[in-house]
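# Analysis of the macromolecular model
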Amino acid sequence: MEELLNILKDLHPDVDFEKEERLVDDKILDSFDIISVISEIAEQFDVVISAEYILPEYFNSAKALYALIERLEDED
Amino acid sequence: MQNNVLDYLERTVLRVPDKIAFSNGTEGMTFSEVDRESRAIGTWLHRKGIYKKPVVVFMNKHPREVTAFFGVIRGGCFYVPIDEEMPRARIDLILDNLQAEVILCDEQTAVTARGFSGGAEVVLYDEIKGTEIDQAALEEIHDRAIDTDPIYVVFTSGSTGVPKGVAACHRSVLDYIEQLSRVLEFDENTVFGNQTPLYFDACLKELYPTIKYGATTYLIPRELFMMPVKLVEFLNEQQINTVCWVVSALTFISAFDTFKSVIPQYLRTVAFGSEVFPIKQFRRWREALPQAKFTNLYGPTEGTGMCCYYKVERDFELDEAIPIGRPFANTEILLLKEDNTLAGRGETGEICIRGTSLTLGYYNNFEKTREAFVQNPLNTAYPELIYRTGDLGRINDAGELIFVSRKDYQIKHMGHRIELGEIEANVNMLEGIKSAGCIYDLAKGKIVLYYVGETEEKELVALLKDKLPRYMIPNHVRKLEQMPFTANGKIDRVTLTRYHQESTTKVLSTKEKR
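To continue, consider the overall build of chain B. A count of helices and strands for chain B gives 17 helices and 26 strands. For chain B, the C-alpha radius of gyration of 23 Å lies close to 24 Å, the compact-globule estimate for 514 residues. Its C-alpha atoms give chain B principal-axis dimensions of roughly 70 × 60 × 55 Å. Scored against the burial criterion, the 514 residues of chain B give a buried share of 47%. Within chain B, contacts between residues separated by at least 24 positions form 66% of all contacts whose residues are at least 6 apart in sequence.

This next bit is on helix H9 (residues 204-213) of chain B. All names here are of chain B. Most of H9 is tucked away: nine of the ten residues are buried. Regarding H9, the residues found buried are Leu204, Lys205, Glu206, Leu207, Tyr208, Pro209, Thr210, Ile211 and Lys212. Following H9 by one or two positions, Gly214 adopts a phi angle in the positive range, close to 75°.

All names here are of chain A. Contact geometry of helix H1 (residues 2-11) with helix H2 (residues 31-45) gives a least axis separation of 10 Å together with a crossing angle of 145°. Between H1 and H2 lies a crossing of right-handed hand. Contact with H1, carried on its side by Glu3, Ile7, Leu8 and Leu11, involves Asp33, Ser36, Val37, Glu40, Ile41 and Gln44 of H2 and no other residues of that element. Tallied by class, residues from the contact of H1 with H2 come to five nonpolar, two polar and three charged.

Turning our attention to the interface of chain A and chain B. Each side of the interface is counted separately: chain A has 16 residues, and chain B has 20 residues. If you tally residues by element for the side of chain A that touches chain B, the top one is H2(A), at five residues. Residue classes in the side of chain A that touches chain B are distributed as nine nonpolar, three polar and four charged.

Turning our eyes to something else, we now look at the packing of helix H11 (residues 247-254) of chain B against helix H13 (residues 279-288) of chain B. Residue and element names in this part refer to chain B. Relative orientation of the contacting elements H11 and H13 amounts to 70°, with a least axis distance of 10 Å. The orientation of H11 relative to H13 falls into the category roughly perpendicular. Seen along the crossing, H11 lies across H13 with a hand that is left-handed. Of the residues in H13, those touching H11 at Leu250, Thr251 and Ser254 are Gln281, Arg284 and Trp285. Its residues assigned to classes, the contact of H11 with H13 shows two nonpolar, three polar and one charged.

Each assigned domain of chain B is listed here: domain 1 (330-406) and domain 2 (420-513). On a C-alpha basis, the centroid separation for the pair domain 1 of chain B and domain 2 of chain B is 32 Å.

Looking now at the pairing of strand E6 (residues 121-124) of chain B. All names here are of chain B. Where strand E5 (residues 102-105) lies against E6, four bridges are found, and the strand directions are parallel. Directly across from Leu104, in E6, lies its bridge partner Val123. In terms of handedness, the path from E5 via helix H5 (residues 107-113) over to E6 forms a crossover that is right-handed.

Residues and elements named next belong to chain B. Summing up the model confidence of chain B, the mean pLDDT is 94 and the portion of residues at 70 or higher is 98%. When the criterion is pLDDT under 50, residues 510-514 qualifies, and its contacts beyond four places in sequence or with other chains add up to one contact. For this predicted complex, the interface confidence score (ipTM) comes to 0.88, while the overall pTM stands at 0.91.

Right, let's talk about the sheet that holds strand E24 (residues 433-441) of chain B for a bit. Residue and element names in this part refer to chain B. The strand order across the open sheet formed by three strands is E24-E25-E26, and the pairing between neighbours is mixed. Where the open sheet ends on each side, the last strands, each with one partner, are E24 and strand E26 (476-479). Each adjacent strand pair in this sheet contributes to an overall mean axis angle of 20°, direction not counted. Bridge count for strand E25 (residues 446-453) against E26 is four bridges, and the pairing is parallel.

All names here are of chain B. One non-glycine residue, Asp257, lies in the positive phi region at around 60°. Its place among the elements puts Asp257 in the loop between H11 and helix H12 (258-261). By the C-beta count within 10 Å, which is 14 here, Asp257 ends up partly exposed. A positive phi angle is found at Thr304, which is not glycine, with a value near 60°.

All names here are of chain B. Residue position: Val448 is located in strand E25. Here Val448 falls in the buried class, since 22 other C-beta atoms lie within 10 Å of it. Linking Val448 and His142, residues 306 residues apart in sequence, is a C-alpha distance of 49 Å. Residue contacts for Val448: discarding those within four places in its chain leaves Cys438, Ile439, Asp441, Pro474, Asn475, His476 and His500.

All names here are of chain B. Along E5, one buried face is formed by Val102 and Leu104 and the opposite face, lined by Ile103 and Cys105, is buried too. Bridge analysis of strand E3 (residues 54-58) against E5 gives three bridges, and the strand direction is parallel. Considered in E5, the bridge of Val57 is made with Leu104.

Looking now at the nonpolar core. Residue and element names in this part refer to chain B. If you look at the biggest cluster of nonpolar residues, it comprises 141 residues, and the most contacted ones within it are Val55, Val56, Val57, Val72, Val80 and Leu104. Not counting residues within four places of it along the chain, the set of residues in contact with Val56 comprises Val80, Ile82, Leu98, Ala100, Val102, Ile103, Leu104 and Ala120. Within the second largest apolar cluster, 20 residues are counted, among which are Ile411, Ile423, Leu464 and Leu496.

Moving on to the environment of A:Tyr53. Residue and element names in this part refer to chain A. Along the chain, the position of Tyr53 falls in the loop between H2 and helix H3 (56-59). Separated by twelve residues in sequence, Tyr53 and Leu65 have C-alpha atoms that sit 9.8 Å apart. Beyond its immediate chain neighbours, meaning those up to four positions away, Tyr53 contacts Tyr58 and Leu68.

Cut-offs used in this document
- Residues numbered from 1 in each chain as written.
- Chains lettered and ligands numbered in written order.
- Predicted model: local features only at pLDDT ≥ 70, side-chain atom pairs only at ≥ 80, totals over all residues.
- Helix = DSSP H or I, 4+ residues; strand = E, 2+ residues; numbered from the N terminus.
- Rg over C-alpha atoms; globule rule 2.2 N^0.38 Å.
- Buried ≥ 20, exposed ≤ 12 C-beta atoms within 10 Å, placed from the backbone.
- Contact = placed C-beta atoms within 7 Å.
- Axes fitted to C-alpha atoms, helices over the stretch in contact; angles between N-to-C directions.
- Left-handed = near helix turned anticlockwise from the far one by under 90°.
- Nonpolar A, V, L, I, M, F, W, Y, C, P; charged D, E, K, R; others polar.
- Parallel < 35°, antiparallel > 145°, perpendicular 65-115°, else oblique.
- Domains from an automatic or database assignment.
- Pairing = 2+ DSSP bridges.
- Right-handed = clockwise from strand over helix to strand, strands pointing away.
- pLDDT = per-residue confidence, 0-100.
- Core = buried A, V, L, I, M, F, W, Y, C linked by C-beta atoms within 7 Å.

Set out below in structure tokens:
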């Protein structure tokens, strides 16, 4: 989780990612951020997030995104 | 000869009045609705005594906004789109430049607009769309219009921190739409999927061919550009066959293997521009859509939309760049060297545009206009302007124009044209900042800001978000003890680039150790 928070904080140092639950709905993250996050996750977690998972429900909070990463790690 | 862009609409509404012209997928307007409401808006402006003036259009992306644009032209005025994505400080600068009397809004934007300084009247589109049409007055406005009258002003990044308003007229837009339509072979069966915001000239590609041919444009909801599978599903539901998108929107689809689950099956024409298309991603598009035609477009806002095109009909190596190609008919590209003579084959020169497609210049800014719109140095016999793009190019062995680099610190980031100087100027304006220097990491597509000052990185980003649109917010912000300067006192971007490279390689090596 710490690693993921660091990835997100590097994009928006002014956002409290531990609390925010509407990252996509409130337009805090844009499509460019999502591309960056996915490529960082691929590098640091060795997990590939494919198109079908690029949905607000997985990107609205750091918690939801982390749960997705864990799920995809298990599937490997 | 047609000398008014709305003559397209006049002809089309007679032919296909009940066809949908513009839609966002849930709400659409037919050509006759667009025609009628634009006439109502034009009449309202006329009654109000507003003529040959800028009219600010501040609305959410919707068919009504497009109709408002046409309504402003009907009234003999020119539209200036602004958007909620623009931070307040930037809107203030724009309003200050324009001194407009009226801001056209929808219910939602009106709340924000009433807080603007400057005293322009906030008017609701819905309240004036029913204005009784004064046909005689509109005809007189139409007949008095000449094709060098402006029809819109759009604002682009300015290196001193103040955005510049590029004003375009009927003639340059007509020229652009005719040439573009021929190259991309639009017709009445064209179904556009619009991606670009309506507050840039990029949307000319869809709006005007739609009224010219009686085609249809879907204004794709912005949030879909964060969900690649749903985006492609939308394209399929609306049977969209033509897209003119920035490269980053296209790669957003191809980069995540979207094509493995869904393919935009109706797409036949894919035009892209504003950035270099990574060949790896381009190949994925070609494989997914072997029947589609792909065209690279190039051009600055000052040349009205786009001015060059290249039809991609051969394979490219991974390290190759897709050429800019050649100018549209009725436009010439001059490649001028430092000494203002023409560059020979293989030599690098500044890309300069000659022809009707030149816009009128920067609104209320003669000084900046004179710097970029200059007398053609090759013509000493009569006045003739060319536009100096600041882009360097050369002609390759195949006779195609290639983009080489920028002369200055302008970059293309996520399809947006940005002056790094504008970011620096805004950072420097913040309290507690001593100096600021920006660089662009082209390979990773990241804006990196270095600064010296008391403000913390986190705080600086938050403050900057009030001043700059989000696509201009640096992706990495690093505080320095001391700013590197060159011998003649300028910020040393070479050293900053080295700092950046060192910091990214360091991260990589720690990762490798893990």
